[in-house]
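Read off the chains here:
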Amino acid sequence: MTQGKIVTRFPPSPTGYLHIGGARTALFNWLLAKQNGGKFILRIEDTDKARSSEEATQAILESMEWLGLDWDEGPYFQSRRTPIYDAFIDRLLSSGKAYYCQCTPEELEKKREVAKSRGLKPKYDGTCRELGLGPEAGSVVRLKSPLTGKTHLKDLVKGSISFNNDELDDLILKRSDGSPTYHMAVVADDISLGITHVIRGDDHVNNTPRQILIYQALSESLPDYAHVPLILGPDKARLSKRHGATSVLAYRDMGYLPHALINALSRLGWSYGDQEIFTLDELIEKFSLENVGKAAGVFNAEKLLDLNAHYIKEAETLSLAKALLPFLDRLGIKDPDPNLVAKAVDTLKIRCKTLLEMAEGALFYFQEDMSYEQKGDQKFLKPAFLDLLEDLRRRLEQWTDFTEKGLEELFIAFMDAKQIKLGKIAQPLRVALTGKTASPGIFEVMNVLGKEKVLERIRKAIDHIQKKVNE
RNA sequence: GUCCCCAUCGUCUAGUCUGGUCCAGGACACUGGCCUUUCACGCCGGCAACACCGGUUCAAAUCCGGUUGGGGACGCCA
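Now for a look at the structure at hand. (Residues numbered from 1 in each chain as written. Chains lettered and ligands numbered in written order. Predicted model: local features only at pLDDT ≥ 70, side-chain atom pairs only at ≥ 80, totals over all residues. Heavy atoms only, no water.)

## Looking at the sheet that holds strand E5 (residues 140–143)
What counts, and what does not: The pairing criterion for strands is at least two bridges between them, as found by DSSP. Here a strand is any run of E in DSSP of at least two residues, a helix any run of H or I of at least four, and the numbering for each starts at the N terminus. Lines fitted to C-alpha atoms define the axes here, with helix axes fitted over just the stretch in contact, and angles between the N-to-C directions of these axes take values from 0 to 180 degrees.
Pairing is antiparallel across the open sheet formed by 3 strands, whose spatial order is E4-E5-E8. Sheet topology places strand E4 (98–101) and strand E8 (172–174) at the edges, where each strand pairs with a single neighbour. Put simply, the sheet's adjacent strands are angled 45° from each other on average, direction ignored.

## Some thoughts on the pattern of salt bridges
Note the cut-off: Salt bridges are defined as contacts in which a side-chain nitrogen from Lys or Arg sits within 4 Å of a carboxyl oxygen from Asp or Glu. Burial classes follow relative accessibility: with a 1.4 Å probe on protein chains only, a residue under 20% of its type's maximum area counts as buried, one over 50% as exposed, and anything between as partly exposed.
As enumerated under the stated definition, the model contains 32 salt bridges in all. As a salt-bridge pair, Arg395 and Asp391 come within 3.3 Å of each other at their nearest N and O atoms. Remark: Asp391 and Arg395 occur in helix H15 (residues 386–398); sequence separation between them is 4 residues, near one turn of the helix. Here Asp391 falls in the buried class, since its relative accessible area comes to 12%. Put simply, Arg9, Arg43, Glu45, Arg81, Asp189 and Asp190 are held in one network by salt bridges that share partners.

## Examining the side chain of Asp170
Applicable threshold: Pairing of N or O atoms within 3.5 Å defines a polar contact, subject to two protein rules: one partner must be a possible hydrogen donor and the other a possible acceptor, and residues neighboring in sequence count only if both atoms are side-chain atoms.
Assignment of secondary structure puts Asp170 in the loop between strand E7 (159–164) and E8. Asp170 sits in the buried class, given a relative accessible area of 5%. A distance of 3.0 Å separates the side chain of Asp170 from the side chain of Arg129, its partner in a polar contact. Of note is the side chain of Asp170, whose polar atom sits 2.8 Å from the side chain of Ser145.

## Concerning the packing of aromatic side chains
Definition in use: Between rings of Phe, Tyr and Trp, where Trp is taken as its six-membered ring, a pair exists when centres lie within 6.5 Å; planes separated by under 30 degrees are stacked, by over 60 edge-to-face, and by other angles tilted.
On inspection of all chains with the given rule, the structure shows 11 aromatic pairs. Ring centres of Trp270 and Phe278 lie 5.2 Å apart, and the angle between their planes is 55°; on these two criteria the pair is classed as tilted. Considered together, Trp270 and Phe278 belong to a single accessibility category, that of buried residues. Ring centres of Trp270 and Phe287 lie 5.8 Å apart, and the angle between their planes is 40°; on these two criteria the pair is classed as tilted. In this pair, Trp270 is assigned in the loop between helix H8 (258–266) and helix H9 (280–286) and Phe287 in the loop between H9 and strand E12 (297–298), connecting sequence segments 17 residues apart. Classification of Trp270 by relative accessible area gives buried; the value is 1%.

## Notes on the nonpolar core
We count it as follows: For this analysis, a nonpolar core means a set of buried residues of the types Ala, Val, Leu, Ile, Met, Phe, Trp, Tyr and Cys, connected via side-chain atoms within 4.5 Å. In what follows, residue pairs with any heavy atoms lying within 4.5 Å of each other are defined as contacts.
Ranked by internal contacts, the top residues of the largest apolar core, which has 103 residues, are Met64, Leu261, Leu324, Tyr365, Leu396, Leu433 and Met446. Broken down by element, this core gets its largest block of residues, 9 residues, from helix H1 (residues 20–35). Contact partners of Leu433, with chain neighbours within four places excluded, come to Phe364, Met370, Ile442, Val445, Met446, Leu449, Val454, Arg457 and Ile458.

## Regarding helix H13 (residues 355–366)
The cut-off we apply is this: For a helix, the expected span equals 1.5 Å multiplied by the residue count minus one.
Here H13 contains 12 residues, and its C-alpha end-to-end distance of 16 Å stays within 8% of the 16 Å for a straight helix at 1.5 Å per residue. Most of H13 sits inside the fold, with 9 of its 12 residues counted as buried. For H13, the complete set of buried residues consists of Leu355, Met358, Ala359, Gly361, Ala362, Leu363, Phe364, Tyr365 and Phe366. The inward-facing, buried residues of H13 abut helix H10 (301–314), helix H11 (317–330), helix H12 (338–348), helix H17 (422–434), helix H18 (442–449) and helix H19 (451–470).

## Quick notes on the environment of Asn207
Along the chain, Asn207 falls in the loop between strand E9 (197–201) and helix H6 (208–217). Taking the C-alpha atoms as reference, Asn207 lies 9.5 Å from Leu168; in sequence the two are 39 residues apart. Apart from residues lying up to four places away in sequence, Asn207 is in contact with Tyr182 and His183.

Okay, here's the thing in structure tokens:
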């Protein structure tokens, strides 16, 4: 079936944002194409004019770009390819494989209801099938599909599946407004774009025999099909908006790294032994439809978070610093000193799971007038620590080596002189410098902040304590 | 209702095709400990699953049948 170059495609309909499930489908198609030096095509399925929107299209393209799923061709827009579909429909009409039908949507709806109430499958009853009707206003074109026999699907992940043709009805190919329906457009596009592999969600399994019937009526050869299992929410129902964040862009905005999402998505339904962490090159090399499972799976947001933490830890400081900028900006830190951002990132890398968390954790480095966390204020900025802080400040004033090593040296001497442990001074100092009881290592913080700010912040803390004393 | 698909720890999964090496392995989460200036990181340990019933076989998570459970599809939506 498949000779030569592999051609895959991702065909979202622009009726909403790109969600996790769609992104995974796109990823699998992309990986298969990359792995085989093939082509990955992006096609926007916007035949439903009422529900499609430009915003959705943009959001989808933005999501794909952010994930790094670049396409070799397209985006093609189905709304601009009408002549192609018409040509296919004409072929079907002239070979007697399709016919005009004048049943109205209302009549059809009624028929469906009747069938359902009798416990039958609601399908078209063939009223116009043998009438030899011509094209008239309001008529649609239907496929004249076989009444008997079976249609077989050899699925690359599901195996062989067969359907009785009497389960399938004469589906509409062309609407009364002249536009092609989904099935017609998909088949016509996949043929004309030379698609060799159709990787899509499980929910299309039942559509596939209908599409196969169109290929057969057209005497065209079939692509290879691979239906990947659906992604479920925690309640085991198909993942949807009500399960919380499902859009790719939402994860970007929450501070996830694109590769963390890619890695998480790749492992949802696919596996490679016990390996959990994959570089992009490894995914391209190791991905295989054979290792795609058959069962639907629940999207595990916690695992994605863990993966994100992992990749943040591993990321280059400079690229992280750059990625952090929009998040700092959102928190009111405009045009920060790049040098300072990089240093801050270095201290926060191992303790943050998202960029958003990192930006929040970095705030104290940039704020001129930061406030004290209530708990830390009460516990550590009190008279009992006044002498300690004052003495420490005097020593720091004389000290020039603000490297971590140098500071440690000073502290050892200080602790020795005061006969205290580091914890005793570290916590009050931490609150004085960061406003919080939890922060990066105290020497790191001092080093990044620099002598001037450190002295200033200790001064402020001392004043703050004294104010309490006076009250 | 009809048709299609699926079924291993709470979750993602390895193992199933080619039965024995699996009293079922890894990861996340949870949890005990170590490390430690806080928070983390890291390291060591623990908890935890073959849906059920029947068959085939010397032997079944693996093969077969049924049951139950879950998901999906039945549009002039995609």
